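This is what each chain is made of:
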Amino acid sequence: MAEALVEFVIADNPPKRLDKALSRDVPVEASLSRTRLAKLIAEGSVTLDGAVVTDPKLKVAGGELVVITVPVAEESHIGPEDIPLEVIWEDDDLIVINKPAGMVVHPAPGTPNGTLVNALLHHCGDTLSGVGGMKRPGIVHRIDKETSGLLVVAKTDAAHQGLAAQFEAHTVERYYRAVCYGVPDANDPRLRGVRGVNFEPGNIMKVTTHLARHKTDRQRQAVLFEGGRHAVTRVRIVEPFGDPAVASLVECWLETGRTHQIRVHMAHAGHGLIGDPVYGGRRKLGEKAIGVKGAAAAKAFARQALHAAVLGFEHPVTGEDLRFEAPLPEDMAQLIADLGGQ
């Protein structure tokens, strides 16, 4: 296997532990995260003043010469494919994509190709320095196949670890736009009786439950109040549709990021997303309230009306605050227009 050598000297006043000192002083261009460095230490790939070291807790004083033998990243088993991408931002460390509805993020047994990862392998080419020792894009979060919108993907190991830490700490800003049945309003007495649903100032609906895979349908997530994983979604009405209102454009933001979280929580509150074949319920909107055009548009909408509209985070390498917005895709914009929206 081809290898590369990374050489540097531990600077003055280092952290006492070897792994922390390496993490502080390793050249940025090496793109080695602390997790990757720990693995290289354990593998015997690090020398200190010529001696192999395998203890990450080894004390260092500063001035030691470090040589790290880094295996050159292996080619991914996933094939690159020339699939057009809408790139919102790209640098040496990461790339932000506006994913279209219908595209799967990562290959799986049912979708071995045509995915975002296949497209990124072609688009990024040799600019992928390796994530976990393999030339592949670092996926730190996903959105469902039929959900459109913004995704950030790491191109280096260091960026991958930095982004993953932000998602784990729930510091990433994520806002979604969705079109749902009904209006999630604090004045609706029905909602006061739904467990896990309450309202905050500004008529913001907060849904707090646990989520876990459904016991009998492995493609679905289920709301629980014991077991599973904690999940919190907040929802604000942007625009109601109909007279009386029978649907609405809402803005949702996540305190946690669980599989299908917005779709499950909206359905739990009785406001499933229009077009959602799994959780939406496929309700029929009354023509008297919404008009013939609006009722037909809602019935015909072929996917969950959900779009990842805003994504904000700290650049994992430069520390710059980044925030991106993606306008509604054409199909959702047309649905809103047909429902009578602006």
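Every value quoted in this text rests on a predicted model; they were computed, and no experiment measured them. (Residues numbered from 1 in each chain as written. Predicted model: local features only at pLDDT ≥ 70, side-chain atom pairs only at ≥ 80, totals over all residues. Heavy atoms only, no water.)

**With respect to the pattern of salt bridges**
Okay, step 1: Inspection of every chain in the model, using the stated rule, returns 15 salt bridges.
Okay, step 2: Among the ionic pairs, aspartate 19 bridges to arginine 17, the shortest N-O distance being 2.7 Å.
Okay, step 3: For arginine 17, a relative accessible area of 26% corresponds to the partly exposed category.
Okay, step 4: Here the salt bridges share partners, and the residues they tie into one network are Glu200, Lys206, Arg234 and Glu255. (Salt bridge = Lys/Arg side-chain N within 4 Å of Asp/Glu carboxyl O. Buried < 20%, exposed > 50% of the residue type's maximum accessible area, 1.4 Å probe, protein only.)

**Brief notes about the side chain of histidine 260**
Okay, step 1: Tracing the sequence through the fold places histidine 260 in the loop between β16 (245–254) and α5 (261–268).
Okay, step 2: A relative accessible area of 16% places histidine 260 in the buried class. (Helix = DSSP H or I, 4+ residues; strand = E, 2+ residues; numbered from the N terminus.)

**Side note on the nonpolar core**
Okay, step 1: Tyr176, Met205 and Met266 are the most contacted members of the largest nonpolar core, which has 31 residues in total.
Okay, step 2: Where this core is concerned, the elements lending two or more residues are β7 (94–99), α3 (116–124), β10 (148–154), β11 (173–181), β13 (204–213), β16, α5 and β17 (306–314).
Okay, step 3: When residues in this core are grouped by element, the largest group, five residues, is from α3.
Okay, step 4: With near-sequence residues (within four places) excluded, tyrosine 176 lies in contact with Ile143, Val250, Glu251, Cys252, Leu254, Ile262, Leu306, His307, Ala308 and Ala309. (Core = buried A, V, L, I, M, F, W, Y, C linked by side-chain atoms within 4.5 Å. Contact = heavy atoms within 4.5 Å.)

**Remarks on the packing of helix α1 (residues 18–25) against helix α2 (residues 34–42)**
Okay, step 1: Viewed as axis vectors pointing N to C, α1 and α2 meet at an angle of 130°, and their least axial separation amounts to 9 Å. The orientation of α1 with respect to α2, classified from their angle, is oblique. You can see that α1 and α2 cross each other, and the crossing is right-handed. Across the interface between the two elements, Leu18, Asp19, Lys20, Leu22 and Ser23 of α1 pack against Arg34, Leu37 and Ile41 of α2.
Okay, step 2: Here the residues of the contact of α1 with α2 sort into four nonpolar, one polar and three charged. (Axes fitted to C-alpha atoms, helices over the stretch in contact; angles between N-to-C directions. Parallel < 35°, antiparallel > 145°, perpendicular 65-115°, else oblique. Left-handed = near helix turned anticlockwise from the far one by under 90°. Nonpolar A, V, L, I, M, F, W, Y, C, P; charged D, E, K, R; others polar.)

**Observations concerning empty space enclosed by the protein**
Okay, step 1: Evaluation of the coordinates by the stated rule reveals one cavity of 30 Å³ or more.
Okay, step 2: Space inside the largest cavity adds up to approximately 40 Å³.
Okay, step 3: Along its surface, the largest cavity is lined by His141, Leu150, Arg174, Tyr175, Tyr176, Ala308, Val310 and Leu311.
Okay, step 4: When the residues that make up the lining of the largest cavity are grouped by side-chain class, the tally is six nonpolar, one polar and one charged. (1 Å grid on protein atoms, 1.4 Å probe; cavity = no way out; pocket = protein on both sides within 12 Å on 5 of 7 lines; lining within 4 Å. Points joined across faces, edges and corners; volume = space filled by probe spheres on them.)

**Points about the layout of surface pockets**
Okay, step 1: The calculated volume of the largest pocket comes to roughly 880 Å³.
Okay, step 2: Lining of the largest pocket is provided by 32 residues; of these, Ile143, Asp144, Arg258, Thr259 and His260 occupy positions nearest its centre.

**Structural notes on the packing of aromatic side chains**
Here a ring pair, both rings aromatic, is described through the centre-centre distance and the interplanar angle of the planes.
Okay, step 1: Tallied over the entire structure, the rule returns three aromatic pairs.
Okay, step 2: Plain terms: the ring middles of tyrosine 175 and tryptophan 253 are 5.4 Å apart, the flat faces sit at 35° to each other, and that makes the pair tilted. Taken together, the residues tyrosine 175 in strand β11 and tryptophan 253 in strand β16 connect sequence positions 78 residues apart.
Okay, step 3: Owing to a relative accessible area of 17%, tryptophan 253 belongs among the buried residues under this scheme.
Okay, step 4: Of the aromatic side chains, those joined through ring pairs into one cluster are Trp89, Phe313 and Phe324. (Phe/Tyr/Trp six-rings, centres within 6.5 Å; stacked < 30°, edge-to-face > 60°.)

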